[in-house]
Each structure stands twice: as structure tokens, then as C-alpha cells.
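Understanding the architecture of this molecule
Now for the letters of each chain:
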Amino acid sequence: AGPQSSTQPAQDPSPAARPAPGDEARPSGAEMQQALQKAHQQFKGTKDGKNADYIPYLAKVDSSLFGLAIVTVDGEVYTVGDAASPFPIESLSKPFTLARLMEEVGAKKVEDKIGVDATGQPFNSIIAIEMNKDHRAGNPLVNAGAITSVSMLPAKTPEERWKKVSDNFNAFAGDNLPVNQEVYKSETDTNTRNQSITALLESYDVLGSPADQALDVYTRQCSVNVTAKQLATMGATLANGGINPLTGNRVISADTARRTLALMATNGLYENTGEWLYQAGVPAKSGVGGGIVAVVPGRYAIAAFSPPLDKAGNSVRAQRAIAQVVNSLGDNLYASTPTPESQQGVGGAGKPAKKQKAAPPPTPAP
Ligand SMILES: NC(=O)CC[C@H](N)C(=O)O
């Protein structure tokens, strides 16, 4: 791949008229669709990883399911494979409930009561709570932080708390996301680890609601079914400054969207978040149901679903496919100029993409 075109506008355009970095080489819809197809083709045979088995329902899901979806801030939708297959949202619920919480109580309360730094620990770590004397949970995207988030949502009854969570998901997805009752039961019957985490948080007096209510609403929010297309729409709402690009409705403020994305970049894939950001260069969030959503701010979100997970609980195919698509489209946020190397996927699994398009002639300012 060669360098980008060196065509320069005669004059530096005003800041408002200046395209954002990379805008001059924005991929077309056809290129996005092709990138999805290529990644699907390339990684569908991947055998690495294993379904989550600590939640009995997830162990039984067909490991070969594999779907990819992109939703752009202009409301374009591109999909390939099993993008319409519902799967449990699990930890992908966390950033969206967090965003609702920030809207309702302000970001400062989240910073003070939960914390906004990486934990560097597994999502269900108890040691991370013990080590973090100031904030206890440390980050809203691990279980302790997400249970605390749910507990802090202003609500007088469990029903009201659940309705807030559920209405919020539906607004992000522009669709009705149902609870998978089998998953809810499966998790409720087996979530002894989360019971311990919740009891520990309660002992440190950081919960905003009765402990059992926080854990139950958290468990139910993890049991909601979502498809890759719906998940990409949820991510695209974050990419689009809080406005759902399919419904046109504002779901959260632009400030909350920005803060949520920063937290995804910091801790979205738990102890593997650094490795992820190093390879893919975009904020993302995973769930043990096999979903991952990644966001290119101002541009699009890409979601992938494939059940087999790595040891940190992140879908293997989803990571490889998303990293390859994002890099091949030139959207790694840390790549000032796309290079063959920056266009490779996780572990160099991808191939360099074709040359960047030449920049179009500058549009005259109105
Ligand atoms: N990482 C995840 O997706 C974990 C979610 C799961 N419901 C749990 O609490 O353990």
C-alpha cells in the first residue's frame, strides 16, 4: 500500500471546514460491506477459544455462529453472517447502563463512587475490590462497578429500576430487547461469585439500593437478548454523540457518550484491554455471550458475535474480525497515516488493505 495522496488544499481551511483526520479517505459503503465479508470469510474457520461454561446456558450455544454488523452515524447498516441471531448481551450491558446513570446523577458521582481507572483484573475480580480502598469497584465495566451502577440508578422500586434499564437499552438499540428467561434463570441459579461481590460491596457501604435488588437487576440486564445489528446500533448511538442514527432520538448527551467511550477504551476487555487497544486502536466492550462492539467516534460502530472466548472472556473471532475491519478501513484512532502494518489485525492475522483513495478536491467553504 502506498502513502496517502499528498494533494493539499491551496489554503488551510478554517477549523470548521477542515476535515477530521482521515475524513478525506472515508471508506464507502461498498468498502465496508467488503471488509465485513472478507473478515467473516477469513475467521469463520477459526477454532480457538471456548464458549463460557460458568453460565450453563452459554455452554450450549452453537459455537459456529458468527455474525458481523456495522451501523454508521448516517444510519447505514451493513451485515454479514449471523447478524440477526439473538445472543445474551451479558457485560455489553454495562456501558449502556453506565451512560444512563451518568445522565441521571452526573459523571462526578460515578467518578467518586465507582472510579474511572482500569482495574487490570478479570471482570469478576474480588481482589480488585479489596485493593481499591478509595473506590471499591474501581471501574464501571467490571461486575463490581456494574452492580454498583445499577444500584445507584435513582428508583424507588425494583420494577422502576428494571424499567429504567430496559427502556434505556431499547432506546440505544431502537428496538425492543427481550429478556432471555432461560439465561436469567441459569445465571440466577449459579451466580454465587456475583453474590459474593455484591455482599462485599454492601459491607463497604457503596451500594445505592438494597443488595439483592442491585444483583437481581444486574443479572436481568445481562440476560437481555441482542443481535449483532442491534448491538451495532447501540454502539453507533455512542459514535453519534448520543443520538440513535436509526431513530433520530437523542438517548444521552454528547458528554456522556464521550465519557462512556473513554471508559470502554480503558477497561472494555478487562485485563486484555491494553492488548486490544494496541492491536485495534478503538474503544470496545465485550460480553461472555460472545458479543463485542467497537466504536469509531463520529463514524460508525461495528459489532461481532461468536461464542468461543479467550481466557479473559472475550470472543476470539469477534476480536480478530473487528480489529481487521477497523484497521483495514483506516480507522485505528492511533494511526495518523494508515500503513500496511497498522492495517493488520490482531496478532498480524489480517492482510494489508488496498491503497487509500486519493483525497477528493477540497470543497469550497460556503
Ligand atoms: N463478562 C461478562 O460478560 C460477565 C457477565 C455475567 N453476567 C457475569 O456477571 O458474570
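This write-up is about the structure you can find in this document. (Residues numbered from 1 in each chain as written. Predicted model: local features only at pLDDT ≥ 70, side-chain atom pairs only at ≥ 80, totals over all residues. Heavy atoms only, no water.)

1. Thoughts on the site of the ligand
The local shell around the ligand consists of Y54, E90, S91, F123, N143, E187, N194, Y218, C222, Y270, G287 and V288. One nitrogen or oxygen atom from the side chain of Y54 is found 2.6 Å from an oxygen atom belonging to the ligand. The contact in question runs from an oxygen atom of the ligand to an N or O atom on the backbone of V288, over 2.8 Å. Relative to its unbound accessible surface of 300 Å², the ligand loses 99% to contact with the protein. Classifying every residue of the shell around the ligand by side-chain character gives six nonpolar, four polar and two charged. (Near = heavy atom within 4 Å. Polar contact = N/O pair within 3.5 Å; in protein donor to acceptor, adjacent residues only side chain to side chain. Areas by Shrake-Rupley, 256 points an atom, 1.4 Å probe, with all protein chains shown as cover. Nonpolar A, V, L, I, M, F, W, Y, C, P; charged D, E, K, R; others polar.)

2. Brief notes about the pairing of strand β1 (residues 67-72)
Where burial is concerned, most of β1 is hidden: six out of the six residues are buried. Every second residue of β1 is oriented toward a common face, with G67, A69 and V71 on one face and L68, I70 and T72 on the other, all of them buried. Looking at chain direction, β1 and strand β2 (residues 77-81) are connected through five bridges and run antiparallel. The partner of L68 across the bridge, within β2, is V80. Linkage of β1 to β2, two consecutive antiparallel strands, is achieved through a turn of four residues, within which G75 is found at a positive phi near 85 degrees. Sheet topology places β1 next to strand β7 (residues 300-305); six bridges connect them, and they run antiparallel. Counterpart to T72 in the pairing with β7 is Y300. (Buried < 20%, exposed > 50% of the residue type's maximum accessible area, 1.4 Å probe, protein only. Helix = DSSP H or I, 4+ residues; strand = E, 2+ residues; numbered from the N terminus. Pairing = 2+ DSSP bridges.)

Structural measurements only, silent on function.
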